[in-house]
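Residue strings, one per chain:
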Amino acid sequence: MIKAVKGTRDLLPPSTQTWNRVEEAARAVFRSYHYHEIRTPILEETQLFARGVGEETDIVTKEMYTFEDRGGTSLTLRPENTASVIRAYIEHRLDQRPGVQKLYYIGPMFRRERPQKGRYRQFYQIGAEAIGSESPVVDAEVIAMVIDLLERAGLEGFQLLINSVGDANCRPQYVARLREELKPVAPSLCGDCQRRADTNPLRVLDCKVEADQAAIDRLPTILDHLCDPCREHFEAVKRYLCGLKIPFAVRPRLVRGLDYYMRTTFEVVHGSLGAQNSVLGGGRYDGLAESLGSKVHAPGIGFSIGEDRLVMSVEDTHKPEPLDLLIAPVGESALRTSLEIARHLRAASAASVELAPQGKLKRVLELADKLGARFALIIGDDEMANARYGLKNMSTGEQRELSLEEITAALE
RNA sequence: GUGGGUGUAGCUCAGCUUGGUAGAGCGCUGGAUUGUGGUUCCAGUGGCCGAGGGUUCGAAUCCCUCCACCCACCCCA
């Protein structure tokens, strides 16, 4: 038997209703902030991610679906969408358009990781980018938007974490300092941390091993080493968020796994998601365009929501979408009329109408019950002769002989 | 890439310790006489017991190997 490939899955009804509800909520919020949709290809040249996301990141070194095209170019299934959006921004000279470019996207991403709860090889992201401004006001507004989105989607009990990771000016100095401070304590830390202390000191801050926490708490934090412009930027973002009454927690140890982030970074976490408790991540990436070869400066900030995780945590008990009307033709001769009436009613009302193509009346009414239909419409020889059809209310059992006009009215 | 757990009917699972070639509930199909559902009753459908090998007269059950899925590490959304 052929099955869905590892880490991918079929989204079936009624769960797809939740997905659609979440996406509709997202589009409504994006619309209210005047963001517009962008759709970029799922396939890009490998170079785009290597340079955009970072040559040394885990995503690029071991998680990408990369293959050689028949023409010989190396292509990659997108592991994230920000690099593509910036590529499109540069390629189509969106910097020439008026104002800050506000773009959103919804779609699948691909990373070849070991699947687990809330983590899939094909997963969906809902994200947005505001490109063309360095102002901290934009940071605050992007964060406000994502909070509105989560609430509109029905998520409760989440927590917003923010931090600043500095810029090309102050971060390297901080990392050097961190490396120094780690040297004496590293041997007493866990195995992972000993390795990270050398390869990627920032990640030590992310360590969850209980025994290491005391030592890690004594390490210098990035926030104490921000350069003046970065510190002012961060202070402004926090001020704006307070003004908006958006609760947040500063997490000086919050570091992101993609190289392009600078200054503001943020994350939203939610319990009951298992180990993958991060619903969304985002941040500012003022140097990304240049590292992709752009001559124009294109500072920006964005986020991406893990849609699979969001859906998982707002998913209520799936009830199938109820059916408004099931038509039950009695006898062969009623089939044609039923087909015509079904189409007429769909056009004349907003109701969902289904036609039972076969079965005894008893079975069809049983089906109506199982489908949760509000009404059943019985069409047989007598009904056709009188042009009045039996509309049965499935919850009360009451049945009346009505004309098509009366039926249409009853369905509203 | 590393660890742990689980694989028996469409779904949720029992049976495995103490080997005797398969069970429940739900679902699905049909019946309780003609064109009227929900409840009830009856019947039916349905499984190469994840795959392969070994031990044995005999394996879902014991042993070995492999595979798949889930969870966790790592990393991230």
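As the structure is a computational prediction, the values presented were derived from the model and not from experiment.

Q: Can you help me understand the protein's contact with RNA strand B in this one?
A: Around RNA strand B, 49 residues are found, and the nearest of them are Arg111, Arg119, Arg203, Gly257 and Met394. Here a base nitrogen of RNA strand B sits 2.2 Å away from a polar atom, N or O, in the side chain of Arg119. Within the side chain of Asp369, a nitrogen or oxygen atom sits 3.0 Å from a base nitrogen of RNA strand B. Counting residues per element, the ones that place at least two in the surface near RNA strand B are α3 (58-63), β6 (122-131), α7 (191-199), β10 (278-284), β11 (300-306), α14 (361-371) and α15 (381-386). With seven residues, α14 is the single largest residue contributor to the surface near RNA strand B. Tallied by class, the residues present in the surface near RNA strand B amount to 11 nonpolar, 14 polar and 24 charged.

Q: How do you make sense of helix α10 (residues 228-243) when you look at a structure like this?
A: Helix length check: α10 (16 residues) gives 23 Å between terminal C-alpha atoms against 22 Å at 1.5 Å per residue, within 8%. Residues of α10 that are buried include every one of Cys230, His233, Phe234, Ala236, Val237, Lys238 and Leu241, and no others. Where the residues of α10 are buried, they touch α5 (136-152), β7 (158-164), β8 (249-250), β9 (262-270) and β10.

Q: Hey, could you run me through the pattern of salt bridges in this one?
A: Where charged atoms from two side chains of opposite charge come close, those side chains can pair. For the structure on display, the rule yields 22 salt bridges. The closest approach of N and O atoms between Glu181 and Arg177, which form a salt bridge, is 3.0 Å. Highlighted residues: Glu181 and Arg177, both in helix α6 (residues 171-185), separated by four residues, approximately one helical turn. Taking the shortest distance from any N to any O, the salt bridge between Arg336 and Glu340 comes out at 3.3 Å. Residue Arg336 and its partner Glu340 are both found in helix α13 (residues 334-348); the two are separated by four residues, about one turn of the helix. In this structure Arg336 comes out as exposed when scored by relative accessible area, which is 63%. Each of Arg27, Glu37 and Arg39 takes part in one network of salt bridges that share partners.

Definitions and limits used
- Residues numbered from 1 in each chain as written.
- Chains lettered and ligands numbered in written order.
- Predicted model: local features only at pLDDT ≥ 70, side-chain atom pairs only at ≥ 80, totals over all residues.
- Heavy atoms only, no water.
- Near = heavy atom within 4 Å.
- Polar contact = N/O pair within 3.5 Å; in protein donor to acceptor, adjacent residues only side chain to side chain.
- Helix = DSSP H or I, 4+ residues; strand = E, 2+ residues; numbered from the N terminus.
- Nonpolar A, V, L, I, M, F, W, Y, C, P; charged D, E, K, R; others polar.
- Expected span 1.5 Å × (residues − 1).
- Buried < 20%, exposed > 50% of the residue type's maximum accessible area, 1.4 Å probe, protein only.
- Contact = heavy atoms within 4.5 Å.
- Salt bridge = Lys/Arg side-chain N within 4 Å of Asp/Glu carboxyl O.

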